[in-house]
Every structure is written in structure tokens, then in C-alpha cells.
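Survey of secondary and tertiary structure
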Amino acid sequence: MSNTQQLYDKVKSILYSLTGITLTENKEVMIANRLDKLKRNTKYTGDIGELLQRIEDGEFTKEFINTFTTNKTHFFREDFHFEDLKTRVLPEFEKLNKEIKMYCSAASTGEEPYSMAMTVREFSSTMKASIVATDIDTDVLQTAANGIYRFQKSSKEFPDWIKPQKYFKRRIQKNLAGDEILIKVNDDLKNMITFGQMNLNDTVYPFETHQFDVVFCRNVLIYFSIEDQNKILQKLFRTLKIGGTLYIGHSENPHDLINYTKRVGQNIFVKVKDIG
Ligand SMILES: C[S@@+](CC[C@H](N)C(=O)[O-])C[C@H]1O[C@@H](n2cnc3c(N)ncnc32)[C@H](O)[C@@H]1O
């Protein structure tokens, strides 16, 4: 086996043990690019094999995790989920005059939980709502908590029923390209959300059984083996109330949960009973 292959195998095994992420075959180019980034992020000038050994021994683990996670996201990604939240879920809570408690389990740089919060506010200016938003990557969580985003004026990121100017303040900054603006999320949205770090691969989650009315777990399961996806889904499912809604990403599968849920839309599942 070549030295390079050994390095790649080591990366895969460290990544799995720290995050549960399983890198599939043909990820060599990606691994090589991320190793370069890891050296820059750690400012490590020595041998890469030594750096990986130090990570295995417990140093630079934050930098390793933050380098190897893939954080692609945008506001109102798969917007039909937010549409469903607005038209099917929120009216029930308004009728009951109840706070809605939501969980965003792979929040990345924050666009997803802020989209959840905007959906609530677009539906009602007074409805009580709280969102717990977690991710394993501390860099993206910092960006999320800052709530400042660079935007192209021509961006079509927001659906027609959202008025972004209600939720963002424009910020002045030099060095923006001609068609770019910088926007900052308003305090009303921020106050709805609690950000925190959490590893979905942890055995126990820091939440109560039936804590949430809505769980978003989108575009993160794809990074895990089927076996680990099932484990994650079951742990998340425990936190969801009976009658609560689980949203998963477009290419993701509810696996065993299919027997405990009713499908009400594209990758939208309502919990009908607890497991076992
Ligand atoms: C591709 S992004 C998806 C973001 C958002 N949910 C969306 O659909 O746009 C995947 C996110 O999952 C996070 N992630 C990966 N492994 C994780 C783990 N073990 N625990 C928690 N978050 C994880 C990454 O840090 C990344 O921010």
C-alpha cells in the first residue's frame, strides 16, 4: 500500500472516530485539498503524517473537524419544507395559542434555522417560537451566531412569500463586488434561536424525550453509513413529540422510521408512534 493511501486511510479513520462521517470511495482529491487546508488552519509546517498522529493523540481535533465537514447551505434550501411549515404546521400552533419548539440538527452557517425563524415571523408577528440549532463545526456556528451574510443583489434565494427586508439590516462595507451587499439578521430572529455544538454521532443527545414539535435533519445523513443514519434518526425521533414533524433532505431516507411515521409530503414525516 502506498504512503498516500495510508494517509488517506488514516484521515478516514480519524474522521469516523471524531464525527461518524464515512467517506466513500473516490474522495482522494477532496482529502488532498482538505489536508492542505488543515495545514493552513493549524499553521502546521511539519510532516502531514506527524500532524495526523498528533490529531489521533487528541491535538487539533477542532481544526480537523472544522476542515473536514462540508457546510454547503443556503436560505430556504428545499423551500417546500418551509412552505409546509407555514401552511400545515404553524396554523395548528396558532389555533392552540402554543409555543412551537423546533430543532435544527445540522445548522451549518445558520441559513437554515434563520429560514425557520423567518417562516414563523412571516406567518405571525406574535407567535411564540424557539429553535435549538446545533452543528459539530464550531466555525460555522460562529458565523451563524454573527448572522452576517454576503449576498448578490440578484440572488433568488428567498421565495416570493418572504420579504427579506423585514429581517435584515443592510451593512456598509468596502471591498464588496458591485452587485454584492452585506446583510445582518435582526434581533427578533436571533432571539428565537439558541446555537450550540453537538455531534449527531454521540450516543446520548442532551434533549428530553418529546422535547420538539419539529425536527430538521437535512443534508447531513448522507455523510453517514446506513447503519449510523438509522441510529441518528432514532435518537432524533425520540426527541420529537407524537404528531411532530421530521424534515429530511431531498436525497435522504427515513429508513426504519417509515414504520412509525406518516409521510405527508416530499421527505416530510409526521410521527405517529414511539419506537418500541
Ligand atoms: C451540507 S451541510 C447541510 C446544512 C443544512 N442542514 C442544509 O440542508 O442546508 C451539513 C452540515 O452537517 C454538519 N455535520 C456533519 N457531521 C456532523 C455531526 N456528526 N454532527 C453534527 N453535525 C454534523 C456539518 O458541519 C455541516 O455544517
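Along each chain, the written sequence defines residue order, and numbers are assigned to residues from 1. Thresholds applied to this predicted model are a pLDDT of at least 70 for local features of residues and 80 or more for the giving and counting of side-chain atom pairs; totals over whole chains, interfaces and linings are not thresholded and use all residues. Only hydrogens and water are removed before side-chain values are computed, so all heavy atoms of the structure are retained for them.

**As for the overall build of the chain**
- Of the regular secondary structure elements, the chain holds nine helices and 10 strands.
- Its C-alpha atoms give the chain a radius of gyration of 20 Å, within 12% of the compact-globule value 19 Å for 276 residues.
- If you line up the chain on its principal axes, its C-alpha atoms span 65 × 55 × 30 Å.
- By residue count, 49% of the 276 residues in the chain fall in the buried class.
- Restricting to contacts in the chain with at least 6 residues of sequence separation, those with at least 24 account for 72%.
- Here the chain has roughly 13900 Å² of accessible surface; of this, 48% comes from carbon and sulfur atoms.
- Charge assignment in this entry is limited to Lys and Arg as positive and Asp and Glu as negative, and neither His nor the chain termini are counted. Lys charges are placed at NZ, Arg charges at CZ, Asp charges at CG and Glu charges at CD. Looking at charge distribution, the chain has the averaged site of its 39 positive side-chain charges lying 6 Å from that of its 37 negative ones. Each helix is a run of H or I in the DSSP string that is no shorter than four residues. Each strand is a run of E no shorter than two, and both are numbered from the N terminus. In this setup the radius of gyration rests on C-alpha atoms only. A globule is expected at 2.2 Å times the number of residues raised to 0.38. When accessible area is computed with a 1.4 Å probe and restricted to protein chains, residues below 20% of their type maximum are described as buried, those above 50% as exposed, and intermediate ones as partly exposed. Two residues qualify as a contact provided that any one of their heavy atoms is within 4.5 Å of a heavy atom in the partner residue. Accessible surface is estimated by sampling points in the Shrake-Rupley manner with a 1.4 Å probe; for residues, cover comes only from the protein chains shown.

**Describing the site of the ligand**
- The rule for a residue being near a molecule or strand is that one of its heavy atoms must lie within 4 Å of it. Around the ligand, 22 residues are found, and the nearest of them are Thr-73, Arg-77, Ala-106, Asp-135 and Asn-219.
- Under this definition, polar contacts are N or O atom pairs within 3.5 Å; protein pairs additionally need one hydrogen-donor-capable and one acceptor-capable atom, and for neighbouring residues in sequence, both atoms have to be side-chain atoms. Between an oxygen atom of the ligand and a side-chain N or O atom of Asp-135, the distance comes to 2.6 Å.
- Here an oxygen atom of the ligand sits 2.8 Å away from a polar atom, N or O, in the side chain of Asn-219.
- Alone, the ligand offers 600 Å² of accessible surface; in the complex the protein occludes 99% of this.
- Grouping the amino acids of the shell around the ligand by side-chain chemistry returns eight nonpolar, eight polar and six charged. Basically, the charged four are Asp, Glu, Lys and Arg, the nonpolar ten are Ala, Val, Leu, Ile, Met, Phe, Trp, Tyr, Cys and Pro, and anything else, Gly included, counts as polar.

**Regarding the domain arrangement of the chain**
- The domains assigned to the chain are domain 1 (3-68) and domain 2 (80-145 + 188-271).
- For domain 1 versus domain 2, the distance between C-alpha centres works out to 30 Å.
- If you look at the interface, domain 1 gives nine residues, while domain 2 gives 10 residues.
- Roughly 780 Å² is buried in total at the junction of domain 1 and domain 2, and carbon and sulfur atoms are behind 43% of that figure.
- Put simply, a salt bridge is a Lys or Arg side-chain nitrogen that is within 4 Å of an Asp or Glu carboxyl oxygen. Counting every contact that joins domain 1 to domain 2 gives zero salt bridges.
- Across the domain 1-domain 2 interface, the total number found is five residue pairs in polar contact (both at pLDDT 80 or more).
- Those elements giving two or more residues to the side of domain 1 that touches domain 2 turn out to be helix 1 (3-19) and helix 4 (61-68).
- Split into classes, the residues belonging to the side of domain 1 that touches domain 2 amount to four nonpolar, four polar and one charged. Note that the domain bounds reflect an automated or database-derived domain assignment. A quick way to say it: buried area is the sum, across both parts, of accessible area lost when two parts are put together, with a 1.4 Å probe.

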